[in-house]
Amino acid sequence: MFQYSKAMLLNLVLVSFVLLSSIRDGSAGITSSFVRPQWPGVDIPVDHEVFAVPKGYNAPQQVHITQGDYDGKAVIVSWVTPDEPGTRHVQYGTSKDKFKTSAEGTVANYTFYNYKSGYIHHCLIEGLEYKTKYYYRIGSGDSARDFWFETPPKVGPDTPYKFGIIGDLGQTFNSLSTLEHYLESGGEAVLYVGDLSYSDEHDYKDMGLRWDTWGRFAERSAAYQPWMWNVGNHEVEFLPEVGEVEPFKNYLYRYTTPYSASKSTSPLWYAVRRASAHIIVLSSYSPFVKYTPQYIWLKEELARVDRKKTPWLIVLVHKPLYSSNVAHYMEGEAMRSVFETWFVQYKVDVIFAGHVHAYERSYRYSNIDYNITGGRRYPIPDKSAPIYITIGDGGNLEGLASSYLDPQPEYSAFREASYGHATLEIKNRTHAIYHWYRNDDGKKVPADSLVLHNQYWGSNGRKQNEVIDEVVNVK
Ligand SMILES: [Fe+2]
């Protein structure tokens, strides 16, 4: 008789687990049975302490930073002063209370319907050292406020870095839960996938006000680490009925991106390199078909990607290209048909999207052989394809999108209508650890986890049938 030792049995279980977890085996996906509480989908009242206005005359508020250049040696600091423009300077330095240097920014205000904005500042700080903690001060006198940020390590292939991914956040108590969980995650920068304040869900007269409250809400993270911004449909705010016909007006005055550093001609689409990642941000709500500026730019930017410097190629876009949720079904299909061939050709590692207020992760599938006169009509397993992750589950007032197509499509690996956020922890040029955390579990319990094998370095020498990515903890 065979006598299995405990160690042999453990090995057997582990090998079976990895084989069963293979991403390219086409195994059925999981629709989570987790039952989450249905919290009310209303915004936190304007006078709640979470939106507290900082004390002092003309004190800077709504402070947020974003990367200011292509490679992470610059930061853009943005803030709002309510009463008058005040100083345009940011004082900064590497020791607390010793601000040896200052930079001067710009200031502007605007009107939206019957709302008049505060004075919105943007200040570019350049020539920073890599991997350094900087302290900065904005405002003046008794109203001055101090913050800090850390610059990323120099761009390089084996530079570890931990990104957070948040989408469709809004300003409800669920949004607050998401943000508080993210603050405990150890993430160093946020990849934001669009739909910020949901101010357009309010009366015209309150829309500007709700941009202000969201700015104060997000400050607890965004003043201390860069958020890479991306637009969603709630940023469009095209309202001819009240004379507001300039799309993205509130958003563009308040949020900025380093678009010219990546040769983009619009703040709505751009790229940055940070540590070992090349991050491409696309606009779902700007023209993207052949001959348009975004199309031409993306073609050129993909050609600039150097996987020997930045092994990890990540795309952010608001509308998901693969989603099996009933909500917004196939809204991303036009962009998929235009860009998917490039995403496979360039072996994009992962594409994060929002828009659908739920969570979903795909296997590596593509649908690039289809054309209207024939060919293969269905998505097929494709080891060169990205993983598509929908993470529009930040917690806004519209609530969850809990209806999924049934049966679950083959490309869909895991889906669940809960609120949460994710982290992508890059270890080196070959491996990264991905976690999705549902709010209900607290920070320590990932509800979907994956070891990602880099699509460029991880696939070199990959054998047929070799595991591409491993699910490490799916409940
Ligand atoms: Fe959206």
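Residues numbered from 1 in each chain as written. Predicted model: local features only at pLDDT ≥ 70, side-chain atom pairs only at ≥ 80, totals over all residues. Heavy atoms only, no water.

Draft legend 1. Fine view of the coordination of the iron ion. Those protein atoms acting as donors to the iron ion are Asp195 (OD), Asn233 (OD1), His318 (NE2) and His355 (ND1), and they sit at 2.1 to 2.2 Å. Considering all four donor atoms around the iron ion, the spread of angles at the metal, 89 to 171°, places the coordination shape in the irregular class. Within one chain, the residues donating to the iron ion are spaced in sequence as D-x37-N-x84-H-x36-H. Taken together, the residues Asp195 in the loop between β13 (189-192) and α3 (204-222) and His355 in the loop between β18 (350-353) and β19 (359-362) connect sequence positions 160 residues apart. You can call His355 buried: its relative accessible area is 3%. (Donors = N, O, S within 2.8 Å, 3.2 Å for Na, K, Ca; no water. Tetrahedral: all angles 85-135°; square planar, octahedral: opposite > 155°, others 65-115°. Helix = DSSP H or I, 4+ residues; strand = E, 2+ residues; numbered from the N terminus. Buried < 20%, exposed > 50% of the residue type's maximum accessible area, 1.4 Å probe, protein only.)

Draft legend 2. Layout of the packing of aromatic side chains. Here the structure, examined in full by the defined rule, presents 33 aromatic pairs. Their ring planes at 35° and their centres at 5.4 Å tell us that Trp227 and Trp229 sit as a pair that is tilted. Note on accessibility: Trp227 and Trp229 belong to one class, buried. Taken together, the ring pairs connect Tyr92, Tyr134, Tyr136, Phe147, Trp148, Phe149 and Tyr224 into an aromatic cluster. The ring of Trp148 carries the charged tip of Lys133 above its face, separated from the ring centre by 4.3 Å. (Phe/Tyr/Trp six-rings, centres within 6.5 Å; stacked < 30°, edge-to-face > 60°. Lys NZ or Arg CZ within 6 Å of the ring centre and 35° of its normal.)

Draft legend 3. Main features of the confidence of the model for the protein. Considering every residue of the protein, the mean pLDDT works out to 91; 90% of them sit at 70 or more. pLDDT under 50 marks residues 1-26. Its contacts with residues more than four places away, or in other chains, come to 25 contacts. (pLDDT = per-residue confidence, 0-100. Contact = heavy atoms within 4.5 Å.)

Draft legend 4. Region of the structure containing the sheet that holds strand β15 (residues 270-274). Spatial ordering of the open sheet is given by β1-β23-β19-β22-β18-β17-β16-β15, a layout of eight strands whose pairing is mixed. The open sheet terminates on both sides in strands that have one partner only, identified here as β1 (30-31) and β15. Both β19 and strand β23 (residues 412-416) contribute to a ladder of four bridges, which runs antiparallel. Each residue of the ladder has a partner; that of Ser362, found in β23, is Ser412. Along the sheet face, helix α5 (residues 293-304) touches β15, β16 (277-281) and β17 (312-317) and points at about 175° away from the line of β16. (Pairing = 2+ DSSP bridges. Axes fitted to C-alpha atoms, helices over the stretch in contact; angles between N-to-C directions.)

Draft legend 5. Quick peek at the pairing of strand β11 (residues 145-150). Burial of the side chains of β11 is restricted to one face: Arg145, Phe147 and Phe149 are buried, whereas none of Asp146, Trp148 and Glu150 on the reverse face is. Here strand β10 (residues 133-138) runs beside β11; their pairing, made up of six bridges, is antiparallel. Within β11, the position partnered with Tyr135 by the bridge is Trp148.

Draft legend 6. Focus on the pattern of salt bridges. Applying the stated rule across the entire model yields 17 salt bridges. The residue Asp206 makes a salt bridge to Lys205 at a minimum N-O spacing of 3.2 Å. Across the salt bridge formed by Asp441 and Arg438, the nearest N and O atoms sit 2.7 Å from each other. A relative accessible area of 25% means that Asp441 is categorised as partly exposed. Judged by relative accessible area, which is 4%, Arg438 ranks as buried. (Salt bridge = Lys/Arg side-chain N within 4 Å of Asp/Glu carboxyl O.)

Draft legend 7. How the structure looks around unusual backbone geometry. Omega for the bond connecting Asp406 with Pro407 falls within 30 degrees of zero, at 5°, which places this linkage in the cis form. Among the structural elements, Pro407 can be located in the loop between β22 (387-391) and β23. Of note in this structure, Tyr198 is not a glycine but carries a positive phi near 55°. Along the chain, the position of Tyr198 falls in the loop between β13 and α3. We classify Tyr198 as buried; its relative accessible area is 1%. Within the chain, His328 stands out as a residue other than glycine whose phi angle is a positive 60°. If you trace the backbone, His328 turns up in the loop between β17 and α6 (333-345).

Draft legend 8. Quick peek at the packing of helix α2 (residues 173-183) against α3. For the pair α2 and α3, the least separation of the axes is 10 Å and the interaxial angle reads 15°. On the basis of their axis angle, the class for α2 and α3 is roughly parallel. In this structure, α2 crosses over α3, and the sense of that crossing is left-handed. Along its contact with α2, which presents Ser175, Leu176, Leu179, Tyr182 and Leu183, the element α3 presents Phe217, Ala218, Arg220 and Ser221. In the contact of α2 with α3, the residues fall into six nonpolar, two polar and one charged. (Parallel < 35°, antiparallel > 145°, perpendicular 65-115°, else oblique. Left-handed = near helix turned anticlockwise from the far one by under 90°. Nonpolar A, V, L, I, M, F, W, Y, C, P; charged D, E, K, R; others polar.)

Draft legend 9. How the structure looks around α6. In this model α6 runs 18 Å from its N-terminal to its C-terminal C-alpha over 13 residues, within 8% of the 18 Å that 1.5 Å per residue would give. The largest bend in α6 amounts to roughly 50° and is located at Phe339. Met335, Arg336, Phe339, Glu340, Trp342, Phe343 and Val344 are the residues of α6 that are buried. Of the surrounding elements, those touching the buried residues of α6 are α5, β17, β18, β20 (365-366) and β22. (Expected span 1.5 Å × (residues − 1). Bend = angle between axes of the 7 residues up to and from the residue.)

Draft legend 10. Representation of α2 in the model. Judged by how many residues are buried, α2 sits mostly within the fold: eight of 11 residues are covered. Of all the positions in α2, only Asn174, Ser175, Leu176, Ser177, Thr178, Leu179, His181 and Tyr182 are classed as buried. Check the buried side of α2 and you find it contacts β12 (161-166), β13, α3, β14 (227-228) and β24 (420-426). Of the residues flanking the start of α2, the one acting as N-cap is Thr172, its side-chain oxygen 3.0 Å from the backbone nitrogen of Asn174. (Polar contact = N/O pair within 3.5 Å; in protein donor to acceptor, adjacent residues only side chain to side chain.)

Draft legend 11. How the structure looks around the packing of α5 against α6. Following both chains from N to C, one finds α5 and α6 inclined at 5°, their axes separated by 11 Å at the closest point. If you check the angle between α5 and α6, you find them roughly parallel. Of the residues in α6, those touching α5 at Tyr295, Leu298, Lys299 and Leu302 are Val338, Phe339, Trp342 and Phe343. Considered class by class, the residues forming the contact of α5 with α6 number seven nonpolar, no polar and one charged.

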